[in-house]
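Letter by letter, the chains look like this.
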Amino acid sequence: MKKVYPDAKAALDGLLKDGMMIMAGGFGLCGMPETLIKAIRDSGVKNLTCVSNNAGIDGAGLGLLLET
């Protein structure tokens, strides 16, 4: 099965809910799924538990979710 979405918002449609756990790959800021992180932030979902080896920095990576 091949799924291609026009953007990150469409890829996440129906998947996000308050209180869910999300794992993010990458090492430091390298390889972080920044487009998906921004779409998660913009969705308004709350009370997330994020699992990663690095929370990013202010304004980048998972730091974007920490700011909200």
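Everything here concerns the structure above.
Everything quoted here is computed from the prediction, not taken from an experiment. (Residues numbered from 1 in each chain as written. Predicted model: local features only at pLDDT ≥ 70, side-chain atom pairs only at ≥ 80, totals over all residues. Heavy atoms only, no water.)

A.B. asks: Looking at this structure, how should I read the environment of Ala11?
C.D. replies: In this structure, Ala11 sits in helix H1 (residues 8-12). Counting along the chain gives 25 residues from Ala11 to Leu36, while the straight-line C-alpha distance between them is 8.7 Å. (Helix = DSSP H or I, 4+ residues; strand = E, 2+ residues; numbered from the N terminus.)

A.B. asks: Can you help me understand the nonpolar core in this one?
C.D. replies: The nonpolar side chains of a soluble globular protein tend to be buried, and buried together. Met32, Ile37, Ile40, Leu62 and Leu65 are the most contacted members of the largest nonpolar core, which totals 13 residues. When contributions to this core are tallied by element, the ones reaching two or more residues are H1, helix H2 (34-43) and helix H3 (63-67). Top contributing element to this core by residue count: H2, with 3 residues. Setting aside its immediate chain neighbours within four residues, Ile40 contacts Leu12, Leu16, Ile22, Val45, Leu48 and Leu65. (Core = buried A, V, L, I, M, F, W, Y, C linked by side-chain atoms within 4.5 Å. Buried < 20%, exposed > 50% of the residue type's maximum accessible area, 1.4 Å probe, protein only. Contact = heavy atoms within 4.5 Å.)

A.B. asks: Explain a nonpolar patch on the surface to me, please; I cannot follow it from the model alone.
C.D. replies: Taken together, the side chains of Met21, Met23 and Val51 present a nonpolar region at the surface, about 330 Å² in accessible area. Take Val51: it is sitting in strand E2 (residues 49-51). (Patch = residues over 30% accessible without salt bridge, like charges linked within 9 Å, V, L, I, M, F, W, Y side chains within 5 Å. Areas by Shrake-Rupley, 256 points an atom, 1.4 Å probe, with all protein chains shown as cover. Salt bridge = Lys/Arg side-chain N within 4 Å of Asp/Glu carboxyl O.)

A.B. asks: Whenever I open this one, the pattern of salt bridges confuses me. Can you help?
C.D. replies: For side chains bearing opposite charge, pairing can occur when the charged atoms are close. Under the defined criterion, the tally for this structure stands at 1 salt bridge. Salt-bridge contacts for Arg41 lead to Asp42; the nearest nitrogen and oxygen are separated by 2.9 Å. With a relative accessible area of 30%, Arg41 lands in the partly exposed category. For Asp42, a relative accessible area of 56% corresponds to the exposed category.

A.B. asks: Can you walk me through the environment of Ile37 in this structure?
C.D. replies: With respect to the element layout, Ile37 can be found in helix H2. Taking the relative accessible area as the measure of exposure, Ile37 reaches 2% and is therefore buried. Sequence spacing of Ile37 and Ala8 is 29 residues, and the spatial spacing of their C-alpha atoms is 9.0 Å. Residue contacts for Ile37: discarding those within four places in its chain leaves Met32, Gly61, Leu62, Leu64 and Leu65.

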